[in-house]
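Coordinate analysis (summary)
Read off the chains here:
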Amino acid sequence: MNRLEMKTAHKLVGTFNYQLGQLEKGYANRTLYINLSTNGFAEKPVTELMKQKFIGGRGFGLKLLWDGIQDHTQWNDPENELIISPGPIGGITQYPGAGKSYVVALSPLTQSAMDSNAGGHFGPFLKFSGWDALEIQGKAERDVIVFIDGTKGTVTIEEAPLEAVNSHILVEQLTDMYAESEADKVTISVVAAGEAAEHTLIGLLNFSFYDSRRKAVRVKQAGRGGMGTVFRDKHIKALVIKSPKVRGDLNNPADMSALKKAGQKIHEEIRTLDDSQCRMRKVGTAHLTQIMNDYDLLPVRNYKFGSDPEATNITDDVFLSKYLHLNGHDECWYGCSLACAKVVKSFQLKTGPYKGKEVLVDGPEYETTSAAGSVLGIFDPEFVIETNFYCDTYGVDALSFGTATAFVMECYENGVINDRITGGLKLNFGNAEAALELLHQMAKGEGFGKIAGLGIRRMKKLFVEQYDANLDFLQDIGMEVKGLEFSEYVTKESLAQQGGYGLANKGAQHDEAWLIFMDMVNHEIPTFEDKAEALFYYPMFRTWFSLNGLCKLPWNDIVPADNHLTAEPAKVPEHVQNYVEIYNGVTGSNIDEKGLISQSEVVYNFQRVFNVRMGFGTREYDQVPYRAVGPVTVEEYESRQDRYDAQMKDILNLDPEGKTTAEKVQILRNYREEQYRKLCDAVYLRRGWDANGIPTIKTLERLGIDFPEVVAVVKKKMTQG
Amino acid sequence: MIKVNGKDYPWEEGLSIKQLLVNKGFTFPLLVVVLNGKAIADNEYVGTVVNDGDDVKIIHLMSGG
Ligand code: SF4
């Protein structure tokens, strides 16, 4: 079918004309609201209060969602919203990593506010088209495309019956359709999901950009929390934006020279130091696979272990020598000289509906090598690439897919489920064929794939209710917190990182804090107070990226040559100062590092109260599965017996001699669970929360978010106990 | 005996920072090494000798994610 036939089949169901304008100091000062049930539109002003308190990006998303839903709204109610916002710094080209879009919605996995981010060009294009955020509510009757033309000032909702659903085809079809010429393709960005996002709760969103050097449409993923599932539930086939031509000054920053100065400094650092530091320009985050394996932190077989000799088959060297296509320009937004967005340009698929086709695959990143590799006990680089491709095009979060499939494999190997339940899939660790078949089933909404696509939390319930499984065992090995599957790090030897996962607002994602080295190797944060301080500073600092449309990687995946001479090298003080300067440079404000942390603290606490409002957000929901804390099974204990025995002697003053492994597992467990409880106590105190983990009224007042509706949520919960 | 990140670690004659990193299996590239309170640049790892009783901090920074 050609593009013209597809385009002709579009039926216009809604149109909105708006005044084009200029950004002012990083803001458009308005957001775009679209209701797909009524095909209605609205332009909402961005108030000074909104800018001061919520900044942009995730902050705007949370505020708009809070205002748009009710306490009882479910993820698949039309009332749920999907919001995309880049933040005030988003779209600058002088400093690396300034093209991120932040997506917020009620998550099908956690049933609370989720935030997820992606590179690609949509977020900056949204701003250049005149909007600080796009807020979509309602549910279309049939599949629609929303098209924002930022060159003409029009927004249309078009029923679009003929285009593909799977992303790798759809983003090309729409880039061709909406670009006026080959040269114009760089002005188009598409957001799309895929078939599996319709049938699972772990759907992701792909954000496209046109790679003019490779003449290909590339995609970056907002993976976490089922944002693609919400998207398809609203019958959105795609969002398409056409932006004015990108220029470095489109944000109209208050002080361009400040951006240039900070940018020049860091570009030079990257040019001279990246090759001897993380080699991001060469292999991207995949450089971590070998390192995580070396430090016993790479999830292997559902996080039972942290390393495996076969992991050398899926490290950066292998991808670099055989698969990656480098051309020195792998930035997912203009000006990112760290350029970590790697690509396998031509990969022949071996399975599924596109078997035999040569495709371009964005990735693999570190996380994919685990989620589509070690965590499943599969150490085959081509399985990694194939799974990476299908997860993206089907719209499945590779991390949730990998972690949930690893859980399924352990259940299968322990007889919790069997061939009858899996429809004959032999889901043993290491079975690549079965894992891929499970993924294809997710796309078709068939077989056991449909069950695995519910995510771990719902599978646990189902296995207990229908197959009489032992709930305690499933709680121990099911790697999820708040309903979100773990991302790909083993945390058994880092209490602080157990908190990094358990206490994260959205669930088990490490983007709030990654403290494993600081805790486990450096021994820099030995006391509960030290750990609580780290679990204050880092989540607050990292939240700030999400308010501003920034990528975290240029903060600490490259460090200045003299960073080791600073008082707190882990914070990379010079880069923190750069962020202060670019924020002030764009917005004309005058904040310092403290101000930056305060901005985050406001939004962070607001999100915590959001969780409370939706029925969560207390200590009970901050608990982690024991697999994240210590060895669940005798097999795990014995695999690291020296380590655990030594801890028993040194820390607990107990002689392991004469004790069975099962007894030692229990002794260690009692101790470690107590440590986690104490950690929560210390963190709550540091964050200004009560003993149940709820922000106190005093904290809300201090942060200036003692809005009546926020205070009401907290008071109600406190009186309920 | 030396101290590495606050914990006792066996010392050997002629031990360099570079060798200590190898012995400890520290392959991560973003390290800050401090020997008896003095920061050591990475181009000095080979030539810097650790003496018995020294205090070495090998601080791993963060990356990824
Ligand atoms: S560091 Fe990588 S992910 Fe981040 S903006 Fe640059 S290219 Fe994109």
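Each value, and the rule that gives it
- Residues numbered from 1 in each chain as written.
- Chains lettered and ligands numbered in written order.
- Predicted model: local features only at pLDDT ≥ 70, side-chain atom pairs only at ≥ 80, totals over all residues.
- Heavy atoms only, no water.
- Pairing = 2+ DSSP bridges.
- Helix = DSSP H or I, 4+ residues; strand = E, 2+ residues; numbered from the N terminus.
- Axes fitted to C-alpha atoms, helices over the stretch in contact; angles between N-to-C directions.
- Contact = heavy atoms within 4.5 Å.
- Parallel < 35°, antiparallel > 145°, perpendicular 65-115°, else oblique.
- Nonpolar A, V, L, I, M, F, W, Y, C, P; charged D, E, K, R; others polar.
- Domains from an automatic or database assignment.
- Buried area = accessible area lost by both parts, 1.4 Å probe.
- Salt bridge = Lys/Arg side-chain N within 4 Å of Asp/Glu carboxyl O.

1. Notes on the sheet that holds strand β5 (residues 55–60) of chain B
All names here are of chain B.
- One open sheet accounts for five strands, arranged β2-β1-β5-β3-β4; its pairing is mixed. Each end of this open sheet is capped by a strand with a single partner; those strands are β2 (7–9) and β4 (38–40). Between one strand and the next, the sheet's axes are offset by a mean angle of 30 degrees, whatever the strand orientation.
- Two strands pair when backbone bridges link them, and strand β3 (residues 31–35) and β4 are joined in this way by three bridges, in the antiparallel orientation. Across the sheet, V33 pairs through a bridge with I40, a residue of β4.
- The sheet contacts of helix α1 (residues 17–24) involve β1 (2–4), β2, β3 and β5, and relative to β5 the element is tilted by about 60 degrees.

2. As for the packing of helix α14 (residues 398–413) of chain A against helix α18 (residues 456–467) of chain A
Residue and element names in this part refer to chain A.
- Look at α14 against α18: their axes get within 10 Å of each other, and the N-to-C directions meet at 25 degrees. Considering their axes alone, α14 and α18 lie roughly parallel with respect to each other. Listed contacts from α18 to T403, A404, F407, V408 and C411 of α14 are I456, M459, K460 and F463.
- Looking at the contact of α14 with α18, its residues break down into seven nonpolar, one polar and one charged.

3. A word on the domain arrangement of chain A
All names here are of chain A.
- Looking at chain A, the domain boundaries give domain 1 (3–242), domain 2 (256–485) and domain 3 (519–720).
- Centre-to-centre, using C-alpha coordinates, domain 2 lies 25 Å away from domain 3.
- Listed per partner, the contact involves 34 residues of domain 2 and 31 residues of domain 3.
- Where domain 2 abuts domain 3, roughly 2,700 Å² becomes buried across the two surfaces, and 60% of that area is made up of carbon and sulfur atoms.
- E635 is the salt-bridge partner of K304, the closest N and O atoms lying 3.2 Å from each other.
- Secondary structure elements with two or more residues in the side of domain 2 that touches domain 3: α8 (256–273), α19 (471–477) and β16 (480–481).
- Looking at the side of domain 2 that touches domain 3 element by element, the count peaks at eight residues for α8.
- Here the residues of the side of domain 2 that touches domain 3 sort into 17 nonpolar, eight polar and nine charged.

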